[in-house]
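Descriptive analysis of the structure
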Amino acid sequence: MDFRIFTEPQQGATYDDLLRVARAAEDAGYDAFFRSDHYLKMGDGDGLPGPTDAWITLAGLARETSRLRLGTLMSPITFRHPGPLAISVAQVDQMSGGRVELGIGSGWFEAEHTAYGIPFPGLGERFDQYEEQVEILAGLWGTPVGQTYSFAGKHYQLTDSPALPKPAQSPRPPILIGGGGAKRTPRLAARFADEFNIPFAPIDRASEIFAGVDAACAAIGRDPSTMIRSVAQPVVLGRDDAEVARRAANIGRDVVELKQNAFAGTPAEVLDRIGAWHEATGVRRVYLQLLDLSDLDHVDLFAAEVAAKWTV
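Just so we're clear, the structure is a prediction, and the values are computed from it rather than from any experiment.

**Thoughts on the nonpolar core**
- In this structure, Y30, F33, W55, I104, I177, F196 and F302 are the most contacted members of the largest nonpolar core, which totals 78 residues.
- No other element matches the 8 residues that helix α5 (residues 123-142) contributes to this core.
- With sequence-adjacent residues up to four places away left out, F302 is seen in contact with F3, Y30, V235, L237, V270, I274, L288 and A307.
- One finds F6, A32, F34 and L176 within the second-largest nonpolar core, a separate group that totals 8 residues.

**Considerations on the packing of aromatic side chains**
- Applying the stated criterion to the full structure yields 8 aromatic pairs.
- Ring geometry for Y30 and F302: centres 6.4 Å apart, planes at 25 degrees, overall stacked. Of this pair, Y30 sits in the loop between α1 (15-28) and β2 (32-35) while F302 is found in helix α11 (residues 296-305), placing the two residues 272 residues apart along the sequence.
- Note on F302: relative accessible area 2%, which makes it buried.
- Considering the side-chain rings of F127 and Y130, the 5.1 Å spacing of their centres and the 75 degrees angle between planes classify their relative orientation as edge-to-face. Taken as a pair, F127 and Y130 lie in helix α5 at a separation of 3 residues, close to a single helical turn.
- Assessed through its relative accessible area of 8%, F127 is described here as buried.
- Assessed through its relative accessible area of 2%, Y130 is described here as buried.
- Through pairs of rings, three or more aromatic residues link up here, namely F3, Y30 and F302.

What counts, and at which threshold
- Residues numbered from 1 in each chain as written.
- Predicted model: local features only at pLDDT ≥ 70, side-chain atom pairs only at ≥ 80, totals over all residues.
- Heavy atoms only, no water.
- Core = buried A, V, L, I, M, F, W, Y, C linked by side-chain atoms within 4.5 Å.
- Buried < 20%, exposed > 50% of the residue type's maximum accessible area, 1.4 Å probe, protein only.
- Helix = DSSP H or I, 4+ residues; strand = E, 2+ residues; numbered from the N terminus.
- Contact = heavy atoms within 4.5 Å.
- Phe/Tyr/Trp six-rings, centres within 6.5 Å; stacked < 30°, edge-to-face > 60°.

Okay, here's the thing in C-alpha cells:
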C-alpha cells in the first residue's frame, strides 16, 4: 500500500507551508506529496493569504525534495490549454528527475472560474474538452524526438507540433483520472489512465465505480490489473480519543461523522478502516487529505503508527 499526503492549499497556505509538509512527508517515508489545483477557498475560513498555483508549487518542490512523487488531484482542464500544460508538466518532471504524476479532471467548481475570469462551459462540453486534452497530452509526450504531432479536434487543433520538451519519465508521466462518472469517465480512464482515483466516497459506492472501470478496460482488451486503484479520504488520527477529538475540532469536523466517512480514530481504528477498504475494493494507494498543515506531528504519527504497521 502506498500512502500519500494530499493537501488543499486553497483553504489557506503559502508555498513555505507546503514545503514544510512535503519535507516532513519525505522524512517520514511517505510515497508522495500531492496538492489540489484550485483558486478559491471552499466553505468556512478566509483562505488567506490566497491561492498558490499548483504547477508553480510543484516546480519549487521538485528542486527542494529528492524522493517524493509529486502531483495534482486534479488539475482542471479549464485552467490550461493542453499544449502549454504538456510543456509545464514535462519541465517539472525534468526538474524533479522523473517524479511527477498528472491528475487531470474536467473541472467542477464554477465559483473559482467566475472569480478569476476563466470560462466554464457546461458539463458536456467540458467533458468533450477533457477527452481531447488527455489524448493530446499522451500524444505530445509519446511522439518520438524528431517527429511531429498533429491533432484535429472540435476544441483543440495542433499542427506539426515538435512535441517538446520530453518528460524525464518514459514514455510519459503517469496520468490519473477519477471521479464517479458512470460511462465516459471509465472509458477515458481505460484508454489513457495509469491510475483511477475515487475521492471521498463510501466503500460500497467505490466498489461500484471500480467495477465500472474494470468493465471499461475489459471492453477494449486492457487487463484491469494494470490500472492502479486509489482513494482519497480525510485523515484525523490520534493516540487516544482526546487527541482525535482535538484534531477533529481543529478542522471543524465532528468525530462521529469522521469515523463513519474518513480515516479517523486511533491507530488501531484507522488500520482496521484501511484494511476494510483494501479487502472490499482492492485499493493499492491511499491519499490522506491533510487539512491542518501546521500539525506536522500528525504526519509523523500516521507514518509511525499506521503506515509502518500496515500488513496485508
